[in-house]
Amino acid sequence: MCMAERIKERRVHKGLTQEELGKRIGLQKSAIAKYENGRVENIKRCVIEHMAEVLECSPCYLMGWADDVDGTATKGQVLRILKYYDSLNSVGKREATKRVEELSDLPQYSKKSP
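In this report, the structure presented in the accompanying data block is examined.

Reading the values: rules and limits
Residues numbered from 1 in each chain as written. Predicted model: local features only at pLDDT ≥ 70, side-chain atom pairs only at ≥ 80, totals over all residues. Heavy atoms only, no water. Phe/Tyr/Trp six-rings, centres within 6.5 Å; stacked < 30°, edge-to-face > 60°. Lys NZ or Arg CZ within 6 Å of the ring centre and 35° of its normal. Axes fitted to C-alpha atoms, helices over the stretch in contact; angles between N-to-C directions. Helix = DSSP H or I, 4+ residues; strand = E, 2+ residues; numbered from the N terminus. Parallel < 35°, antiparallel > 145°, perpendicular 65-115°, else oblique. Left-handed = near helix turned anticlockwise from the far one by under 90°. Contact = heavy atoms within 4.5 Å. Nonpolar A, V, L, I, M, F, W, Y, C, P; charged D, E, K, R; others polar. 1 Å grid on protein atoms, 1.4 Å probe; cavity = no way out; pocket = protein on both sides within 12 Å on 5 of 7 lines; lining within 4 Å. Points joined across faces, edges and corners; volume = space filled by probe spheres on them.

### A closer look at the packing of aromatic side chains
Then, in step 1: Applying the stated criterion across every chain, the model contains zero aromatic pairs.
Then, in step 2: It is R6 that lies over the ring of Y61; its NZ or CZ is 4.4 Å from the centre.

### Some points on the packing of helix α2 (residues 18-25) against helix α4 (residues 45-54)
Then, in step 1: Two elements in contact, α2 and α4, have axes separated by 10 Å at closest approach and are oriented at 120°. With respect to their mutual orientation, α2 and α4 come out oblique. Here the hand of the crossing between α2 and α4 comes out right-handed. Between α2 and α4, the contacting residues are L21, R24 and I25 on the first element and V47, H50, M51 and V54 on the second.
Then, in step 2: Residue composition of the contact of α2 with α4, grouped by class: five nonpolar, one polar and one charged.

### Some thoughts on the layout of surface pockets
To find leftover empty space, a probe the size of one water molecule is rolled over the atoms.
Then, in step 1: For the second largest pocket, the calculated volume is near 170 Å³.
Then, in step 2: For the second largest pocket, the full set of lining residues is C2, M3, A4, I7, Y35, G38, V40, E41, N42, I43, I48 and M63.
Then, in step 3: The biggest single contributor to the lining of the second largest pocket is helix α1 (residues 3-13), with three residues.
Then, in step 4: Here the lining of the second largest pocket is built from residues that sort into nine nonpolar, two polar and one charged.

Here's what the structure looks like:
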């Protein structure tokens, strides 16, 4: 999904019109329409940051650098982990899975609220 599609997807998800999003970030509705249609590709960094804040996602997600809305997992990171996992035998894969499960249960490594 390209940046234009991600902007529109998040705006619709948040229940905002183009005009409402524009007002919240200090732009005209026409600017938002151009962003969503892909007619403007070089959006200022400060605009992307403010838009991400309003749309409750990371700037990395909007720009397509991360697959998760919060921007935590990039495609490169996921592919690297899969490469290591695929290089393991069945015993190693079981151990790796157990260790990831253990890490996810530890508050200092988990996104879960205590």
